[in-house]
Structures are given as structure tokens and as C-alpha cells.
Amino acid sequence: MSTPLKEIVRAEDPAFYDDNQFDVYDRMRVEAPAFRYEPLNVHVLTRMDDVRYVSTHPELFSNTGGLTLNQLRMARNGATTAFERFNEPDGELVITKDPPRQRQLRALMSPTLTPRYLQGFQEALDRFCRHLLDTVVPGETFDFVDRIASRLPLYVAAEILGATDTDIERMKTWVAALEELTYVEDAADLEEPGRRFDELKAFLRDQIAEKRRHPGDDMISKFLSSRLDGADVPDTVVLAHVSTLMSNGGTTRLFLASLAAYLADHPEETEAIKKDPGRLEGAIEECLRLSPPARGFVRTVTTDTDLAGTRLRAGDRVYMLYPAANRDPASFPDPNRFDVTRRQTVNHASFGLGSHFCLGAALARMEAQALFGHLLARFSEVRRSGTATRYKHVQLNGWATLPLSLHH
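In this report, we go over the structure that sits alongside the text.

What counts and how
- Residues numbered from 1 in each chain as written.
- Predicted model: local features only at pLDDT ≥ 70, side-chain atom pairs only at ≥ 80, totals over all residues.
- Heavy atoms only, no water.
- Core = buried A, V, L, I, M, F, W, Y, C linked by side-chain atoms within 4.5 Å.
- Buried < 20%, exposed > 50% of the residue type's maximum accessible area, 1.4 Å probe, protein only.
- Helix = DSSP H or I, 4+ residues; strand = E, 2+ residues; numbered from the N terminus.
- Contact = heavy atoms within 4.5 Å.
- Polar contact = N/O pair within 3.5 Å; in protein donor to acceptor, adjacent residues only side chain to side chain.
- Phe/Tyr/Trp six-rings, centres within 6.5 Å; stacked < 30°, edge-to-face > 60°.
- Lys NZ or Arg CZ within 6 Å of the ring centre and 35° of its normal.
- Pairing = 2+ DSSP bridges.
- Axes fitted to C-alpha atoms, helices over the stretch in contact; angles between N-to-C directions.
- Salt bridge = Lys/Arg side-chain N within 4 Å of Asp/Glu carboxyl O.

A word on the nonpolar core
Working step 1: If you look at the biggest cluster of nonpolar residues, it comprises 88 residues, and the most contacted ones within it are Phe144, Leu152, Met246, Phe372, Leu375 and Leu402.
Working step 2: Counting residues per element, this core draws most heavily on helix 12 (residues 235-265), at 15 residues.
Working step 3: When sequence neighbours within four positions are dropped, the list of residues in contact with Leu375 reads Leu133, Phe144, Val382 and Leu406.
Working step 4: In terms of nonpolar packing, the next biggest core, distinct from the first, is built from 22 residues, Ala11, Phe22, Leu69 and Val298 among them.

Thoughts on the side chain of Arg342
Working step 1: Mapped onto the secondary structure, Arg342 falls in the loop between helix 15 (322-325) and helix 16 (361-378).
Working step 2: Within polar-contact distance, the side chain of Arg342 engages the side chain of Glu286 at 3.1 Å.
Working step 3: Setting aside residues up to four positions removed in sequence, Arg342 forms contacts with Glu286, Arg289, Phe332, Pro333, Asp334, Pro335 and Arg337.

Considerations on unusual backbone geometry
Working step 1: Between Pro99 and Pro100 the backbone carries a cis peptide bond, its omega angle lying at 5°.
Working step 2: Turning to its location among the elements, Pro100 is positioned in the loop between helix 3 (69-76) and helix 4 (101-109).
Working step 3: The phi angle at Ala308 is positive, at roughly 55°, despite the residue not being glycine.
Working step 4: Structurally, Ala308 can be placed in the loop between strand 8 (305-307) and strand 9 (310-312).

Here we look at the packing of aromatic side chains
Working step 1: All told, the structure shown has 12 aromatic pairs when counted by the stated rule.
Working step 2: A centroid spacing of 6.4 Å and a plane angle of 50° characterise the contact between Phe142 and Phe144, whose relative ring orientation is tilted.
Working step 3: Its relative accessible area of 0% is what places Phe144 among the buried residues.
Working step 4: On the basis of an interplanar angle of 40° and a centroid distance of 5.0 Å, the ring pair of Trp174 and Phe203 is categorised as tilted. One end of the pair, Trp174, is in helix 9 (residues 168-180); the other, Phe203, is in helix 10 (residues 191-213), and 29 residues separate them in sequence. In this structure, Trp174 and Phe203 share a single accessibility class: buried.
Working step 5: Through a chain of ring-to-ring contacts, the aromatic side chains of Phe16, Tyr17, Phe22 and Tyr25 assemble into a single cluster.
Working step 6: Taking NZ or CZ as reference, Arg253 lies 5.3 Å from the ring centre of Tyr391, over its face.
Working step 7: The ring of Phe332 has Arg289 lying over it, and the distance from NZ or CZ to the ring centre is 5.3 Å.

Topic: the sheet that holds strand 2 (residues 42-45)
Working step 1: The strand order across the open sheet formed by 5 strands is 1-2-10-7-3, and the pairing between neighbours is mixed. Each edge of the open sheet carries a strand with a single partner, namely strand 1 (34-37) and strand 3 (61-62).
Working step 2: As paired strands, strand 1 and strand 2 are joined by 4 bridges and run antiparallel to one another. By the bridge assignment for strand 2, Tyr37 is matched with Val42.
Working step 3: Lying on the sheet, helix 2 (residues 48-55) is in contact with strand 2, strand 3, strand 7 (296-301) and strand 10 (317-321); it crosses strand 10 at an angle near 125°.

A short note on the pattern of salt bridges
Working step 1: The full count for this structure, using the stated rule, is 32 salt bridges.
Working step 2: Ionic pairing is found between Asp49 and Arg52, a salt bridge with its closest N-O pair at 3.2 Å. With Asp49 and Arg52 both in helix 2 and 3 residues apart, the pair spans about one turn of that helix.
Working step 3: For Asp49, a relative accessible area of 52% gives the class exposed.
Working step 4: A relative accessible area of 27% means that Arg52 is categorised as partly exposed.
Working step 5: Between Glu210 and Arg213 there is a salt bridge, and its shortest N-O distance comes to 2.8 Å. Of this pair, Glu210 and Arg213 both sit in helix 10, 3 residues apart, which is roughly one turn of that helix.
Working step 6: Residue classification places Arg213 among the exposed residues on the basis of a relative accessible area of 53%.
Working step 7: Sharing partners across several salt bridges, the network here consists of Glu180, Glu192, Arg195, Arg196 and Glu199.

Here it is, written out as C-alpha cells:
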């Protein structure tokens, strides 16, 4: 007799998200596709159709009641105001709003994250990739996360923001602080990341002031020349949104490391990509599908409704579990296979779906395309060269360390 799901599913425990998690998701889709995780009183969704429905019906499932499991956990522990210091007053962050306000705020960022605009940064991106790969000694073991995956997104973010002072090591500590917000268990544990977050805000305020004096063709300058509600965009809104770009460096780091691991584990696919570089796009999408850098997000039910055979009441929470939806056999045949030639007739959920589709998706794909295009043009083989360690996090998914060696 199978162990009951309520004894197996530990959504708050990073150790739950090991190689056995996918077998659990297979059971959940069949036995309880809107599984109620009692410790947080949230319904966990594992089917792609349900995740897509929630994502595309913001009038029924709101972003405004908290986005992460950790927010629910902190609220359960009585720390309902613990995150206030990290939310700029009147910052109006786009990811915490519903339409129509969400669309108005999204319009501020959209022009600077379109493929056409980002193409203007291709030369700088190629330069960063070459520089990072120049630090690799062929055949020598190195940590891909520390040496390359953690650095490239920050170089790119600084370039797009038009930052006049780039200190990658300091920027890495800011990204770490942002990630700790979705992991720490006690309000007291927020003090140290809070101090580093204050450093980030001070840095960005200085950049905003500099761009007011000397505007350029960068994201901050574009924000400052935009209009919101018929007036200039307040600095608080600019600050909230440019800090979001910085935080995306963390998810892009995880994505790049996951792709490197997949190429090391599938040498036949790597060789095929070298012969036909057009296959790299398929490898990128398969990596995103199989290893989404963000595991999922919470939505709050606004009106009594039915979903996945479950009656949901206004105020209930649902959690869209992307790794489960992305391996739903109803949407992806042979779902656990890494297949760079897969024809994805259904979009994976790793960048979200609907109105909250990730604005940074094009940038993340662009970085992966450039980095691995240069890597595979320069090296013939990617090998694992030690034991990798998983990133122990509830919200985020990927590698903390990834020892590799690259060979001609």
C-alpha cells in the first residue's frame, strides 16, 4: 500500500526536491491534482492545464496576496510585516499587481527588454562571454557556477542599467540577499540580508541620480523619461523595478548552470549541437522545461471557483509547481527525456504564462545562446569533474556548485 501523499509531500523542505520528487508529482497529478498542503493551507497544482488556467485568469487568481511559499510560512509564524523593509514605499512592483495596474507598470519595462532593444547589447554580451571563457584553462577543473554562471548575468545587468560603478563581487552579495528573502524561516534572519539589500538600494539611488544628470540609452534612463499616470515615473517605482533586474541575475545563474550540467551529461547532444548550432535553441528550452530556475508561485483565489475537481473559496491559496507541470505527460510526451529536437506544441511554464510572463525571458535566453554558442565554438567537450551540490532553497532550483572541465 502506498504511503499517503500527506506524509510524503514536504513543500517547505529543500531536501524534498531531490531526484525522487518527480515520482511524487506523478502520483499527485492522478490522486490529488490540487493537493492541499496542510502546514501552509495551500493547494499545490501539478498539471499543466491547471497551471495555465490559473496563470491566464488573474481576475480569479490574484498576485497581490503573496507570491512565495516563504511569505506564507513567515505569515504562519506571525511575521506578517517582516518583508516591509524590502518593499520600497509606493514602489508598485509589477509582479505584485493585477491587471489593469499590472499592465501599466509592465509597459514601463517592456521597451527595454524587447529582443530588438536587447540586440544593441549583443556586442557587449559577446565580449563578456569571451572574457569569462578566457579564464578557463582547458582540461582544468573549475566551478562553473562561481567562475561563469554567477558573473555573466551581473555583467549584463550592469550594462543594461548603464551602471557607472560595477563591482561584481559586491553585486553577488546583493543577489544572495534577495534570494535569502524567499528562504529564511525567522524574521530575525532577515537582518543580515536586509543590510545588504539597503546597500543595493543606496547603489541604485546613486545610479538614478547620475542618470538624471547624464541620461543615456540604458534602462534607468528610459524609466526616467517615461510617464506613469500622466507624470514622471517616481524614483520609488524606478528603484523597485531596476532592483528586479538585479534579482533576475540569480535565476539566470541557476539556468546557465543547469544547461552546462545537461550538456556534460549528454555528450551526444553536445556533439550534435556543435555540428548544428541551431540545435542550441532546443537545448535551452529543454533545460528550462526540465529544470525551471524558479519552482513556482502562489496566487490567491478572489472568488469561489472550481479547479482540478476541488472547490476553492475566496482567500484560498494555490501554488503553481512548475517542475511538475513541465513534466506533465498530457502535455509533454516522454516528459523526463532531455530532447533538443522536441517540438514543444505546449509552452513550458518556467517563465510563467499569461499576463505575468517573465519580462526577462528574452534576456535570459539571449545570455544562454551567447555563452554556450561561444563555449561550444571554442571547446569540444564538457565534462563533470567532481561532485556538484544542489542549491538548498525552497523557491529556487539549480546547482550551488558545479565542478566541470572543458576540453578541446
